[in-house]
Amino acid sequence: MNAPARWCLQRGEDGYPFEFEDLPDPPELLYGYGDPDLLGGGLAVIGSRRATPYGLACSRRFSGWAASNGIPVVSGAAIGCDLESHRAALAVDGPTVAVLPCGADVDYPRRASATLSEMRRRGVVISEAPWGTDPKRWSFVRRNRLIAALSRAVLVVEAGLPSGTFTTADHALDIGRQVFAVPGSILAPECRGSNRLIRQGAPPITDVAELAQELGYEAQADVPAHSTDRLLTALTATPMRPDDIARAFDLDIVQTIRTLGTLESLGHLARYPDGRYGALPR
Amino acid sequence: MTQVYGQAAVGTTTLVGTEPAPVEVQVDVSSGLPGFSIVGLGDTAVLEARERVRSALRSTGFRFPNARVVVNLAPGPLRKHGTGFDLPIALALLAATAQIPARLWVGRRAVGELSLDGTVRPVPGMLAHALGARRDRVVLLGPLESSHLAAGLPGLEYRGVSSLGRLRVEEPSCGVGSSRPHTGPDPDLAEVTGLDTARRALEIAAAGGLNLLLIGPPGSGKTMLARRLGPILPPLEGEERIETALVHSVAGLDEAPALSGRRPFRAPHHSASLAGLVGGGSPPRPGEVSLAHNGVLFLDEFPEFAPSVLQSLRQPMEDGWVTLVRAEGRLRFPARFTLIAAANPCPCGYLGDPVKVCRCPEAAVQRYQGRIGGPLMDRIDMAVSVERIDPAALVHYSPAEPSARVRERVCAARQHARGAGRPLAARMGGAELLAGCRLDARTRQTLGDLGRQSHLSGRAVTRLMRVARTIADLEGSAVVTVDHVIEASAFRREDLR
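Residues numbered from 1 in each chain as written. Chains lettered and ligands numbered in written order. Predicted model: local features only at pLDDT ≥ 70, side-chain atom pairs only at ≥ 80, totals over all residues. Heavy atoms only, no water.

(A) Here's a closer look at the overall build of chain B. Within chain B one finds 21 helices and 18 strands. Referenced to the eigenvectors of the C-alpha coordinate spread, the extents of chain B come out at roughly 90 × 50 × 45 Å. By the burial criterion, 55% of the 497 residues in chain B qualify as buried. Residue pairs in contact within chain B that sit at least 24 positions apart in sequence constitute 74% of those at least 6 positions apart. Carbon together with sulfur atoms contributes 52% to the accessible area of chain B, which is approximately 20,700 Å² in total. Placing the 58 positive and 49 negative side-chain charges of chain B at their respective mean positions leaves the two points 3 Å apart. (Helix = DSSP H or I, 4+ residues; strand = E, 2+ residues; numbered from the N terminus. Buried < 20%, exposed > 50% of the residue type's maximum accessible area, 1.4 Å probe, protein only. Contact = heavy atoms within 4.5 Å. Areas by Shrake-Rupley, 256 points an atom, 1.4 Å probe, with all protein chains shown as cover. Lys, Arg positive; Asp, Glu negative; His and termini not counted. Charge placed at Lys NZ, Arg CZ, Asp CG, Glu CD.)

Below, the structure written as structure tokens:
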């Protein structure tokens, strides 16, 4: 298989995204793979690396919608929400842009290498770092300003505290981009950051229709299925451990484990890496 | 007094691993330059017998011959080690110099260490020597302290002697001590409140002999749970009891708890060396895996163990034996145990904790979890996460079920499996499981769906079925149903950390 063609654009050159001019310090040189016309006007979908199944499901949902409507999904290819966003866009054959903290030809993080090589062929992978550069500690924060600049809006799907997603949100606000956040449980530490953004004024996004409306698109309001299962309702509010669920509902532990397992196999619930169960958006 | 010259021989045994090999101690007392030498490939401990025997004889009023004394340990090519030769050497010497009647020692064996004052002391592996005597149908003379062994081994004729001096006055009595009770009560599951899911996992692991991984922050009760697996297993019986006690005896540990049916619990520290864990050294000593034979091996801080050390557990976990290959030959120690591994979710331990914040960099977490998923992971059947419980909330929980009740269910489940002609679930392979589970179409469908949804490998599906089969046994069900499979899937370890 042929290696995908790569390019290097100078500031002001034809194809160099004019959106970077909004930044106080646009990159002088831009390295990358893919179609430079897809740079600009995208939707940044970002979130924490240690994403919960909830965060991942939200990434999939919103990125999938954006990409299938031709809006490039911009993110940083980090493990967790970022990577899930790129994958969701690739899955619907939509446009997606990864901005790397290292050279655009470097597979970082390593576990993203399969997705990155796919994106070099079918999407866009860019960086302001020369070919072959390894990531530096400071380059992550620097790259976040590029993610903000290439997007018309930034959607934070899940962030704890402290979180790197805040620098992206700050850059976005500095250059006049919208920042949205997906609300999470007030009890979940994984959602404390994204909930704080809402408190600070970021409009909450609770379904695809709301996002579409904010971005000037039309979309049918998707009515979340109303659950009749009281267990499922409880877990929608906050992820819990089987022990706590059994106590809260006064159930036998074996029965609880089996009910949770059944709901999981139906795709209503996901087991978190720490053993809690949480509802998945449907 | 005139010097008596002569020859005599007394039987004894030396240990090759856990095997007692017969050895004949021959003594020749002859005229010549006075001296005392021992030949026959003895180690330093054997050679030092000269000083102990000389002093012991004098302290107990016997005479040490003022003559040339040669001791030969036959067969010559076999390496001999340990201090158990003191007693047979002293007896042969006394018989050769006619200080005790030689005919008493025909067809008998002696094993024991001598103090300088003539006291007879037990040596590591007394149980092995005793088993050897029973096997070869000979009388064994040994320390009085070890008389309780005779009570546990019907068919063994044992004579306990407290001091060499007793042999002047009487034929040693038949020592029938009672077996000593083991000390201290077992830890009880009633003390574990609030960890219901983990308790259930422990019960399933006990019923199926399955290996379990516990994941949770420091202080969440992982060690507490692991200690309580032994007491919910059926007590050691028959052969198992002897096998386990034998290993403990050879290692120089108290064999009484195993003889009274208590399953061993071994928790080596993560700095354990390869030889410490699987056995080794010279003479070869059983390692922790063998000391855990028929019991529980608990590896706390599992990812901190050296990968090479964990790798060495693979062979014993597959065969139930440790095979050590040495210049002198191959040795086998039994090593069939249930493994409980415990790990923190991340290096600092607080990943996912509702209160304390984890400060580990993502890369460090990945590395740590990579190590959990390392060498032994395919031998671990189930995993459960253990939460740190708010101590203030503990008082609101209803009292937990005691071990005795859980053990009844575990025993019933094992009985059910035996009744259906199945071995422990832990020992069942893929094809055997498929036949033993008797899945109907719907359950098959569920199993397939689960496998696809969670991207389970073939091995993972086999593990899932092993757990499901055990859950069905706990319910006394001949067939594995959807419910069993679903519950088993809650203990799959694939995406837990």
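(B) A look at the domain arrangement of chain B. All names here are of chain B. Looking at chain B, the domain boundaries give domain 1 (6-169), domain 2 (189-414) and domain 3 (428-497). Placing a centre on the C-alpha atoms of domain 2 and another on those of domain 3 gives a separation of 23 Å. Domain 2 puts 22 residues into the contact, and the matching count from domain 3 is 14 residues. Counting each side, the surface lost to burial between domain 2 and domain 3 is near 1,700 Å², with a carbon and sulfur contribution of 65%. Put simply, domain 2 and domain 3 have two salt bridges between them. Connecting domain 2 to domain 3 are three residue pairs in polar contact (both at pLDDT 80 or more). Broken down by secondary-structure element, the contributors of at least two residues to the side of domain 2 that touches domain 3 are helix H7 (196-208), strand E18 (382-385) and helix H17 (403-419). Of the residues forming the side of domain 2 that touches domain 3, the biggest block, seven residues, is contributed by H7. Looking at the side of domain 2 that touches domain 3 residue by residue, the classes come out as 13 nonpolar, four polar and five charged. (Domains from an automatic or database assignment. Buried area = accessible area lost by both parts, 1.4 Å probe. Salt bridge = Lys/Arg side-chain N within 4 Å of Asp/Glu carboxyl O. Polar contact = N/O pair within 3.5 Å; in protein donor to acceptor, adjacent residues only side chain to side chain. Nonpolar A, V, L, I, M, F, W, Y, C, P; charged D, E, K, R; others polar.)

(C) Looking closely at the packing of helix H2 (residues 81-91) of chain A against helix H3 (residues 113-122) of chain A. Residues and elements named next belong to chain A. Running from N to C, H2 and H3 cross one another at 45°; their axes reach a closest spacing of 11 Å. By the angle class used here, H2 and H3 are oblique. The handedness of the crossing between H2 and H3 is left-handed. Contacts between H2 and H3 pair Leu83, His86, Arg87 and Leu90 from the former with Thr115, Glu118, Met119 and Arg122 from the latter. For the contact of H2 with H3, the residue count by class is three nonpolar, two polar and three charged. (Axes fitted to C-alpha atoms, helices over the stretch in contact; angles between N-to-C directions. Parallel < 35°, antiparallel > 145°, perpendicular 65-115°, else oblique. Left-handed = near helix turned anticlockwise from the far one by under 90°.)

(D) Structural view of the pattern of salt bridges. Residue and element names in this part refer to chain A. Within this structure, the stated rule accounts for 39 salt bridges over all chains. A salt bridge links Glu190 to Arg276, with the nearest nitrogen and oxygen atoms 2.7 Å apart. Of the two residues, Glu190 is situated in the loop between strand E8 (178-181) and helix H6 (192-199) and Arg276 in the loop between strand E9 (269-271) and strand E10 (277-279); the sequence distance between them amounts to 86 residues. Accessibility expressed as a relative area gives 16% for Glu190, which makes it buried.

(E) Focus on the domain arrangement of chain A. Residues and elements named next belong to chain A. Domain parsing of chain A yields domain 1 (6-214) and domain 2 (230-279). Inter-centroid distance (C-alpha atoms) of domain 1 to domain 2 is 32 Å. Counting residues at the interface gives six residues for domain 1, matched by eight residues for domain 2. Summing the contributions of domain 1 and of domain 2, the shared interface buries around 500 Å²; its carbon and sulfur component is 62%. Here domain 1 is connected to domain 2 by one salt bridge. Considering only residue class, the side of domain 1 that touches domain 2 consists of three nonpolar, two polar and one charged.

(F) Inspection of the environment of B:Thr13 at higher detail. All names here are of chain B. When you line up the elements, Thr13 lands in strand E1 (residues 6-16). In the structure, Thr13 is positioned 119 residues away from Gly132 in sequence and 7.6 Å away in space, judged by C-alpha atoms. Thr13 has contacts with Pro20, Ala21, Pro22, Val23, Arg109, Val111 and His129, leaving out every residue within four places of it along the chain. Side-chain polar atoms of Thr13 contact the side chain of His129, separated by 2.7 Å.

(G) Expanded view of the interface of chain B and chain A. Taken together, the contacts link 31 residues of chain B with 23 residues of chain A. In this assembly, chain B packs against chain A so that about 2,500 Å² is buried in total across both faces, 44% of it on carbon and sulfur atoms. On the surface where chain B and chain A come into contact, there are five salt bridges. Between B:Glu475 and A:Arg258 there is a salt bridge whose closest N-O contact spans 2.9 Å.

(H) Representation of the state of the cysteines within the structure. If you walk through the whole model with that rule in mind, you get zero disulfides over all chains. Its sulfur unpaired, A:Cys58 is 8.2 Å from the next cysteine sulfur, which belongs to A:Cys81. (Disulfide = S-S within 2.5 Å.)

(I) Focus on the sheet that holds strand E10 (residues 212-215) of chain B. Residue and element names in this part refer to chain B. The sheet built from five strands is open, its strands ordered E11-E14-E17-E10-E18 with parallel pairing. Two strands close off the open sheet at either side, each with one partner strand: strand E11 (265-266) and E18. Note that E11 and strand E14 (residues 296-299) share two bridges and pair parallel. When the bridges of E14 are listed, Phe265 appears paired with Val296. Along the sheet, H7 makes contact with E10, strand E17 (338-343) and E18, crossing E18 at roughly 160°. (Pairing = 2+ DSSP bridges.)

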